[in-house]
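Read off the chains here:
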Amino acid sequence: MKKHIWILMVTTIACTTTVEIDKSSLAEKVVPEADYTLTSDQTHNKWSRTIDPILTVNSGEVVEISTEEATDGQFTIDSDTSDLMNLSFDPIHPLTGPIFINEAMPGDVIAVTLHKIEIGDWGWTAILPGFGFLAEEYTEPHLKTFELAGKNNVRFTDGINIPLRPFPGVLGVAPDTDSLLSTIPPRANGGNMDDPNIVEGTTVYLPVFVEGALFSIGDAHAAQGLGEVCGTAIEAPMKFLVEIELIKGSSLEEPQYENDDVYAVTAFGTTIDEAAKKATRYMIEYLKKNHGLSGNDAYMLCSLAGDLKIAEVVDVPHMLVTMSINKEVLSK
């Protein structure tokens, strides 16, 4: 079997008015050999500018990135519900990184393209007492594990199969703080967005808050519905093939992303209403800035063609909402 190479490539481009990058020819690009390798034990599980980078990269250098599943090895394929009682939240989430990106400065944007995602051999999902959207109703622990190697879907129960659609639950950059922040909630730096639409072929735009950006990735999910209502997805180890482009002279308040089909903005808030209003405002600003619309026209287009979606509701104290617009609407 041919071995996959997983890439993190960093390039720098000058841009003053947009964060759009033409990704239409990505499939035709030649994959270079890795210059460096990051393994799944080269991790941290907090967000802070004080966490030292494990690697510094220049433009065009390549890194192989592996990630551990969310418990950092506390579960195995043979774990059962009794193991939930011994679960420690202290190691959650192990993130591979941080990676210092030369020339990245506060006010810049990094564009992270997920070229390839390879699922590990196994995964798990669980109901954790006290955690989840209906935590007051579902108070008993429950755990399922799955064999994933070589599969496109997994058997959940008799007659129910779940297609695998892997993505990183967490990817982001360091916030401008000395505090060691939990990785549980999403923030302006990205983090635990748990958006199942950030799949292979997606480019995520992240605002930079500290010198070098300090990019990290982890908490990979093999499958998850919008909302992640019980608090877990199919949590699994993975490898990611990502390309990072440094966009100078641009800025964002919170992450945005695109693929061949849609352009999307994300917004966190302590309520769905707060996050949804922020997402609507971000899309209006994107349409004004990148498609020349007036505020009134952009607002109306959001109503006619914008899709508000709840990405996650369980990563307290924040929830994440996205708004996307199909690129057929935005074609010139």
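Caption draft 1: Spatial organisation of unusual backbone geometry. Gly97 connects to Pro98 through a cis peptide bond whose omega is 0°. Turning to its location among the elements, Pro98 is positioned in strand β7 (residues 95-101). For the bond running from Val316 to Pro317, omega is 10°, close enough to zero to count as cis. Here Pro317 shows up in the loop between β22 (306-312) and β23 (319-326). Phi is positive for Asp194, close to 50°, though the residue is something other than glycine. Structurally, Asp194 is set in the loop between β16 (190-192) and β17 (203-207). By relative accessible area, Asp194 is classed as buried at 1%.

Caption draft 2: Region of the structure containing the side chain of Asp219. Along the chain, Asp219 turns up in strand β18 (residues 215-221). For Asp219, the side chain forms a polar contact with the side chain of His221, separated by 3.3 Å. In this structure Asp219 touches Glu68, Ala70, His93, Pro94, Leu95, Pro168, Gly169, Val170, Asn192, Asp194 and Glu235, once residues within four positions along its chain are discounted.

Caption draft 3: Looking closely at the pairing of strand β12 (residues 160-163). Two strands pair when backbone bridges link them, and strand β11 (residues 153-157) and β12 are joined in this way by four bridges, in the antiparallel orientation. Note on β12: the bridge partner recorded for Arg155 is Asn161. Between β11 and β12, which pair antiparallel and follow one another directly, the connecting turn spans two residues, one of which, Gly159, has a positive phi of 85°.

Caption draft 4: Local environment of the nonpolar core. In this structure, Ile110, Leu148 and Phe215 are the most contacted members of the largest nonpolar core, which totals 42 residues. Excluding residues that lie within four positions of it along the chain, Ile110 makes contacts with Ile101, Val173, Val204, Tyr205, Leu206, Val208, Ala213, Phe215, Ile244, Glu245 and Leu246. Counting 24 residues, the second largest nonpolar core, distinct from the first, contains Val265, Tyr282, Ile284 and Ala298.

Caption draft 5: Seen up close, helix α2 (residues 295-305). What α2 keeps buried is the set Ala298, Leu301, Cys302 and Ala305. Looking straight down α2, one finds that the buried residues subtend no more than 105° of arc, so they occupy a single side. The exposed residues of α2 that point more than 90 degrees off its buried face are Asn296, Tyr299, Ser303 and Leu304. Contacts made by the buried residues of α2 are with α1 (272-291), β22, β23 and α3 (327-330).

Caption draft 6: Main features of the pattern of salt bridges. By the definition in use, this model includes seven salt bridges. We note a salt bridge from Lys327 to Glu258, for which the minimum N-O separation is 2.5 Å. Of this pair, Lys327 sits in helix α3 while Glu258 sits in strand β20 (residues 256-258), placing them 69 residues apart in sequence. Each of Arg49, Asp176 and Asp178 takes part in a single network of salt bridges with overlapping partners.

Calculation rules
Every chain is numbered independently, its residues counted from 1 as its sequence is written. Thresholds applied to this predicted model are a pLDDT of at least 70 for local features of residues and 80 or more for the giving and counting of side-chain atom pairs; totals over whole chains, interfaces and linings are not thresholded and use all residues. Water and hydrogen atoms play no part in the side-chain values, which are based on all heavy atoms of the structure. To qualify as a helix, a DSSP run of H or I must reach at least 4 residues; to qualify as a strand, a run of E must reach at least 2; elements of each kind are numbered from the N terminus. When accessible area is computed with a 1.4 Å probe and restricted to protein chains, residues below 20% of their type maximum are described as buried, those above 50% as exposed, and intermediate ones as partly exposed. Polar contact criterion, stated in full: a pair of N or O atoms within 3.5 Å, where within protein one must be able to donate a hydrogen and the other to accept it, and residues adjacent in sequence count only if both atoms are side-chain atoms. By definition, residues are in contact when any of their heavy atoms lie within 4.5 Å. In this analysis, strands are considered paired if DSSP registers two or more bridges between them. Note on terminology: a nonpolar core comprises buried Ala, Val, Leu, Ile, Met, Phe, Trp, Tyr and Cys residues joined through side-chain atoms within 4.5 Å. Taken from the helix axis, the directions to the C-beta atoms give the arc we talk about. In the sections that follow, a salt bridge refers to a side-chain nitrogen of Lys or Arg positioned within 4 Å of a carboxyl oxygen of Asp or Glu.

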